[in-house]
Amino acid sequence: INKIGVFTSGGDAPGMNACIRAVVRTGLYLGKQMVGIHQGYQGMIDKKFSNMDSKSVAHIIQQGGTILKTARCMEFRTPEGRALAYKNLKEEGIDALVAIGGDGTFTGAELLSREYDMPVMCVPGTIDNDLYGTDFTLGYDTATNTVIEAIDKIRDTAASHDRLFFVEVMGRDSGCIALRAGVAAGAEAILLPEKETGIDDLIEKLEAGADQHKTSSIVIIAEGEKNGGAYNVAKHVKEKFNFYDIKVTILGHLQRGGTPSSFDRILASRMGYAAVNALIAGETRKMVGLQGNAMHLTELTEAINNHSFKLEDDLMEMSYILSL
Ligand code: F6P
């Protein structure tokens, strides 16, 4: 391996820049040429390559987003798209790849690598923390801290006005942010994609709180939850339970931005370093992950096929008990 390409793909996540920095500087240290591929798979198709030296990744460890930009690319999903991407990579002299992203990114990397025998190493980057083979994904810690900070603020105004707030957080398929932020911010109820909660059950919980003289409450709703999102839940609750004045807040994309936490910066540095070293050691089609505070490699196919996050039973149980 002489020339390694690095790219970010799928939804951005705080810590991606710290990881790009680690990948570039580890590769340079090992005598490799490093190339940044802009806008993920789209950049391979559109030949958006730029050589990266140590200076090109200076002062980015603390920046949210990704300096390489990111995209979701439909063309790459076709064999023709991948053929063109491979042709462009070869012309550029790139002979190995580090991909930072989620399961869609992994699927693309696995296909390209298998079809064209291109060595690839993946780094799990998504705020959703729903990837198999790693205890944490890049960006999850920062996003959860952002959510907690927002809920703390909402709590102030909810308490001042005796209101019930429904706060919607990100997580199309994963309730990880909702559950953990809910425990950390003391939410009265948490609705998750992984667990169906009927409106009547929710009302029962809220009534129990009201009986205990709670004058305000916060319910966290993961966007992929089955009742159809915060506005729908609020509407249905309002029809049957009007003890509180009800408000809705959708946190949205602010959860994806911001300066990465110390945890994400260190995780990103560790994963970027491990990814390049694994490639040089001859590994391919794997994902680097953190398991019990050590770096582990997981086969990409295994990571893709097991794509999901198992919510911790103790957190599920305690989230309710501790909010009573
Ligand atoms: O996968 C990360 C994520 O932020 C999800 O939580 C969310 O559902 C999705 O991306 C939003 O994607 P987009 O930014 O394309 O709207």
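Definitions and cut-offs
Residues numbered from 1 in each chain as written. Predicted model: local features only at pLDDT ≥ 70, side-chain atom pairs only at ≥ 80, totals over all residues. Heavy atoms only, no water. UniProt positions renumbered as here; feature names shortened; annotations may be inferred. pLDDT = per-residue confidence, 0-100. Buried < 20%, exposed > 50% of the residue type's maximum accessible area, 1.4 Å probe, protein only. Helix = DSSP H or I, 4+ residues; strand = E, 2+ residues; numbered from the N terminus. Pairing = 2+ DSSP bridges. Right-handed = clockwise from strand over helix to strand, strands pointing away. Salt bridge = Lys/Arg side-chain N within 4 Å of Asp/Glu carboxyl O. Near = heavy atom within 4 Å. Polar contact = N/O pair within 3.5 Å; in protein donor to acceptor, adjacent residues only side chain to side chain. Areas by Shrake-Rupley, 256 points an atom, 1.4 Å probe, with all protein chains shown as cover.

Under an unreviewed UniProt entry, the protein has the name ATP-dependent 6-phosphofructokinase and belongs to Paradesertivirga mongoliensis. The record in UniProt for the protein states the following under Pathway (unreviewed entry): "Carbohydrate degradation; glycolysis; D-glyceraldehyde 3-phosphate and glycerone phosphate from D-glucose: step 3/4." The record held by UniProt for the protein lists under Subunit (unreviewed entry) the comment "Homotetramer."

Q: Is there a simple way to think about the confidence of the model for the protein in this case?
A: Interpretation of this model should avoid reading the predicted coordinates in detail wherever pLDDT is low. Scored by pLDDT, the protein has a mean of 96; 100% of the residues are at 70 or more. Here the complex is predicted with pTM 0.97, and the ipTM for its interfaces comes to 0.97.

Q: Any chance you could explain the pairing of strand β8 (residues 217-222) here in plain terms?
A: Residues in a regular strand point their side chains to alternate faces of the sheet. The element β8 is extensively covered by neighbouring structure, given that six of its six residues are classed as buried. In β8, alternate side chains face the same way, and those of Ser 217, Val 219 and Ile 221 on one face and Ile 218, Ile 220 and Ala 222 on the other are all buried. Note: strand β6 (residues 163-169) against β8, six bridges, orientation parallel. Residue pairing in the sheet places Glu 168 in a bridge with Ile 221 of β8. In this structure, strand β7 (residues 189-191) lies alongside β8, joined through three bridges in parallel fashion. Looking across to β8, one finds that Leu 191 is bridged to Ile 221. Taking the sense of rotation as the criterion, the β-α-β connection linking β7, helix α7 (residues 199-211) and β8 turns out right-handed.

Q: Whenever I open this one, the pattern of salt bridges confuses me. Can you help?
A: Any two side chains of opposite charge can pair, on the condition that their charged atoms come close. Enumeration over the complete set of coordinates arrives at 13 salt bridges. Note that Arg 114 and Glu 110 form a salt bridge whose closest N and O atoms lie 2.5 Å from each other. Of this pair, Arg 114 and Glu 110 both sit in helix α4 (residues 103-116), four residues apart, which is roughly one turn of that helix. Two residues, Lys 286 and Glu 283, come together in a salt bridge whose shortest N-O distance is 2.5 Å. Look at Lys 286 and you get buried, because its relative accessible area is 15%. Overall, the relative accessible area of 26% leaves Glu 283 in the partly exposed class. A cluster of three or more residues bridged by salt bridges with shared partners is formed by Lys 47, Lys 87 and Glu 91.

Q: Teacher, can you tell me more about the site of the ligand here?
A: Lining the immediate environment of the ligand, one finds Arg 72, Thr 126, Ile 127, Asp 128, Met 170, Gly 171, Arg 172, Glu 223, His 253 and Arg 256. Between an oxygen atom of the ligand and a main-chain N or O atom of Gly 171, the distance comes to 3.2 Å. Out of a free accessible area of 400 Å², the ligand has 77% covered by protein chains.

Q: Is there a simple way to explain the environment of Glu 204 in this structure?
A: Relative to the elements of secondary structure, Glu 204 occurs in helix α7. Residue Glu 204 is classed as exposed on the basis of its relative accessible area, which comes to 55%. For the pair Glu 204 and Phe 241, spaced 37 residues apart in sequence, the C-alpha to C-alpha distance is 9.5 Å.

Q: Explanation requested: the pairing of strand β11 (residues 294-299) in the structure shown.
A: Inspection of the sheet shows strand β10 (residues 286-291) paired to β11 by six bridges, in the antiparallel sense. Residue Leu 290 lies in a different strand from β11, and its bridge partner there is Met 295. The antiparallel hairpin formed by β10 and β11 contains two residues in its connecting segment, where Gly 292 sits at a positive phi of about 55°.

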